[in-house]
Amino acid sequence: MEVTMTVNGERVSRDVEPRMLLVHFIRETLDLTGTHWGCDTSNCGACVVLLDDKPVKSCTTLAVMCDGHEVRTVESLEVDGHLDPIQESFHEKHALQCGFCTPGMLMTTRALLDENPNPTDHEIRTAISGAICRCTGYKNIVAAVQWAVEREAAVKREV
């Protein structure tokens, strides 16, 4: 089955099996390996990508369901050698350890900040509640999102 979608700003068309999961399409067909494939049951959140700017778990989304839509993966965050404030914040606030959940956390928090540029701690925790991190205890992740909020606000003031 032929699917056409925009992935990280680039229009792509490929012939896929109707049952191919989006995570496999991204990783195996497009060779974008930043999206992690974890549990295959939508529990861990490591595979989160943005579908039309909304976070979805790509391990339970069929590639054919994305025909005609826009998909953003973690690779889309860095632009022209500049990290997204979310990426910077995870580094600055030590919000990653093993890094397995990080792509999904980054994409989830990018969607949160695009929709709500000044979330409360509760809103941050609610947004990331669909992602499991076994290393950090979430404290540093929440701090990283808060840092990114401040960074983005400072950049807007500079412009």
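The notes below deal with the structure included here.

Basis of the calculations
- Residues numbered from 1 in each chain as written.
- Predicted model: local features only at pLDDT ≥ 70, side-chain atom pairs only at ≥ 80, totals over all residues.
- Heavy atoms only, no water.
- Helix = DSSP H or I, 4+ residues; strand = E, 2+ residues; numbered from the N terminus.
- Rg over C-alpha atoms; globule rule 2.2 N^0.38 Å.
- Buried < 20%, exposed > 50% of the residue type's maximum accessible area, 1.4 Å probe, protein only.
- Contact = heavy atoms within 4.5 Å.
- Areas by Shrake-Rupley, 256 points an atom, 1.4 Å probe, with all protein chains shown as cover.
- Lys, Arg positive; Asp, Glu negative; His and termini not counted.
- Charge placed at Lys NZ, Arg CZ, Asp CG, Glu CD.
- Disulfide = S-S within 2.5 Å.
- Expected span 1.5 Å × (residues − 1).

## A short note on the overall build of the protein
The helix and strand inventory of the protein stands at 5 helices and 5 strands. The order of α-helices and β-strands along the protein, N terminus first, is β-β-α-β-β-β-α-α-α-α. A compact globule built from 159 residues should have a C-alpha radius of gyration of about 15 Å, and the protein, at 16 Å, falls within 12% of that. Projecting the C-alpha coordinates of the protein onto the three principal axes gives extents of approximately 45 × 35 × 25 Å. Burial statistics for the protein: of 159 residues in total, 44% are counted as buried. The contacts of the protein with a sequence gap of at least 6 include a subset with a gap of at least 24, amounting to 57%. With an accessible surface of roughly 8500 Å², the protein has 49% of that area assigned to carbon and sulfur atoms. Charged side chains of the protein number 15 positive and 24 negative; the gap between the two group centres comes to 6 Å.

## Some details on the state of the cysteines
By definition, a disulfide links two cysteine residues through a covalent bond between their sulfur atoms. All chains considered together, the criterion is met by 0 disulfides. Sulfur of Cys101: no disulfide; nearest cysteine sulfur belongs to Cys133 and is 3.8 Å away. Relative accessible area serves as the criterion here: at 9%, Cys101 is assigned to the buried category. Looking at Cys135, it has no disulfide partner, and the nearest cysteine sulfur is the one in Cys98, 3.8 Å off.

## Considering helix 3 (residues 102-115)
Relative to the 20 Å expected for 14 residues at 1.5 Å per residue, helix 3 spans 20 Å between its end C-alpha atoms, a close match to the ideal helical length. Counting buried residues in helix 3 gives 12 out of 14 residues, a clear majority hidden from the surface. Among the residues making up helix 3, those that are buried are Thr102, Pro103, Gly104, Met105, Leu106, Met107, Thr108, Thr109, Arg110, Ala111, Leu112 and Leu113.

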